[in-house]
Amino acid sequence: MVDSEVLLEVRGLKKHFGGLKAVDGVDLTLKRGETLGLIGPNGAGKTTFFNMVCGFYTPTEGTIRLKGEEIQGLPAHAVARKGIARTFQITKVFKDMTVQDNLLAAFALKQAPTLLSSLRRSHTRQNLEHVQAYLERVDIAAFAKVKAGDLSLGYMRRLEIARALALEPVLLMLDEPCAGLSKDATLDFIELVHKLRASGTTIMLVEHNMAVATALCDRMTVLSYGVKIAEGTPQQVQNNQAVIDAYLGEAEEGE
Ligand SMILES: Nc1ncnc2c1ncn2[C@@H]1O[C@H](COP(=O)(O)OP(=O)(O)O)[C@@H](O)[C@H]1O
Ligand SMILES: [Mg+2]
């Protein structure tokens, strides 16, 4: 029987690159409406795990079920069509296009075969209102006519999120959305994620920074060297000795 509360269920997921076990048998369950953090030191396997869920990597082994349906190994566009939208650690907005056109392009790609032909037809009043609504959801409506490449990094990330939301996903996946942001921009971003959570969006977030993850997540899963070493509430995870050791180990390596 499919538990309707469970949105994503991952079992025994592995990705081996030759002899390197980047992800080595990870289980994870995500419920509807939850914000789950995938955390761990650099090289733990977070991005690799994320890329398998999004269809960018084929798992070596294991299953990924979305609403009960197995999706492992499907190509990224098929996974996106099933309702998983993502952002990238390095933003992939179209920098020469305006903010507004970036979103119109997202709608167009959703609907039509070729980007340019559909973009020409996309400047309808209804589409523009639609764009405005998504930009408001991420608080960048005032920048609709600005070239995306002229936005600050934090606002580019917001634009990426707006584009992901335009796909009306059942799951929004964010890879280190606060990486490289100033302290103020990070705080603003945390506020934005709280707003998205409050509107019912289910989120999986890759985050290296424990403080940011604690501020954002209902639950966390901690990876180290490709395996899960802990999971639970931010409070439980922060006080877990294996987690403390993994992060301390990283700090020592970095010295
Ligand atoms: N495409 C790849 N080919 C070979 N090794 C990879 C590839 N992607 C990641 N790795 C390795 O897998 C491990 C986990 O990387 P990654 O998932 O990026 O970790 P994280 O996101 O937690 O920092 C690292 O040792 C990394 O070098
Ligand atoms: Mg990473």
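Our structure is the block above this text.
Residues numbered from 1 in each chain as written. Chains lettered and ligands numbered in written order. Predicted model: local features only at pLDDT ≥ 70, side-chain atom pairs only at ≥ 80, totals over all residues. Heavy atoms only, no water.

1. Some points on the overall build of the protein
Rules: Helix numbering and strand numbering both begin at the N terminus, where a helix is a DSSP run of H or I of at least 4 residues and a strand a DSSP run of E of at least 2. Only protein chains enter the accessibility calculation, which uses a 1.4 Å probe. A residue is then buried if its area is under 20% of the maximum for its type, exposed if over 50%, and partly exposed in between.
The number of helices and strands found in the protein is 10 helices and 10 strands. When the backbone C-alpha atoms are referred to their principal axes, the protein occupies close to 55 × 40 × 35 Å. Within the span of the protein, comprising 255 residues, buried residues form 49% of the whole.

2. A word on the sheet that holds strand 3 (residues 35-39)
Cut-off, in case you're wondering: Strand pairing is defined by DSSP finding a minimum of two bridges between the two strands. For helices, the axis comes from a line fit to the C-alpha atoms of the stretch in contact; other axes are also lines fit to C-alpha atoms, and the angle between any two N-to-C directions lies between 0 and 180 degrees.
The six strands lie next to each other as 6-7-8-3-9-10, forming an open sheet whose pairing is mixed. Both outer strands of the open sheet, strand 6 (84-86) and strand 10 (227-232), are each paired with one neighbouring strand and no more. Taken pair by pair, the neighbouring strands of this sheet meet at an average axis angle of 20°, ignoring direction. As paired strands, strand 3 and strand 8 (residues 203-207) are joined by five bridges and run parallel to one another.

3. A few points about the sheet that holds strand 2 (residues 20-31)
Stated precisely, the cut-off is as follows: Any pair of residues with heavy atoms lying within 4.5 Å of one another is described as a contacting pair.
Ordered by their spatial adjacency, four strands build an open sheet running 2-1-4-5, and the pairing between neighbours is antiparallel. Looking at which strands have only one partner, the edges of the open sheet turn out to be strand 2 and strand 5 (69-70). Direction of pairing for strand 1 (residues 6-17) relative to strand 2: antiparallel, over a ladder of nine bridges. Following the sheet pairing, E9 is matched in strand 2 by T29. Helix 1 (residues 46-53) contacts strand 1, strand 2 and strand 4 (61-66) of the sheet and is inclined by roughly 120° relative to strand 1.

4. Focus: the pairing of strand 8
Stated precisely, the cut-off is as follows: If the strands point away from the viewer and the path from the first strand over the helix to the second runs clockwise, then the crossover is right-handed.
Across the five residues of strand 8, five count as buried, placing the element largely inside the fold. Covered by surrounding structure in strand 8 are I203, L205 and E207 together with M204 and V206, the residues of both alternating faces. Here strand 7 (residues 171-175) runs beside strand 8; their pairing, made up of four bridges, is parallel. Across the sheet, residue L174 finds its bridge partner in strand 8, namely L205. Where the polypeptide runs from strand 7 across helix 7 (residues 183-198) and back to strand 8, its parallel neighbour, the crossover connection is right-handed.

5. Let's talk about the nonpolar core
Which entries qualify depends on this criterion: In plain words, nonpolar cores are sets of buried Ala, Val, Leu, Ile, Met, Phe, Trp, Tyr and Cys residues tied together by side-chain atoms within 4.5 Å. As annotated, the domain borders come from an automatic or database domain assignment.
Counting residues in hydrophobic clusters, the biggest one holds 45 residues, and the most contacted among them are I39, L135, L159, I161 and L172. The dominant element in this core, judged by the number of residues it contributes, is helix 6 (residues 153-166), at seven residues. Residues lining this core come from more than one domain, with at least three contributed by each of domain 1 (6-92 + 173-254) and domain 2 (94-150). For L159, the residues in contact, after removing those within four places along its chain, are V93, V99, N102, L135, I140, A148 and L151.

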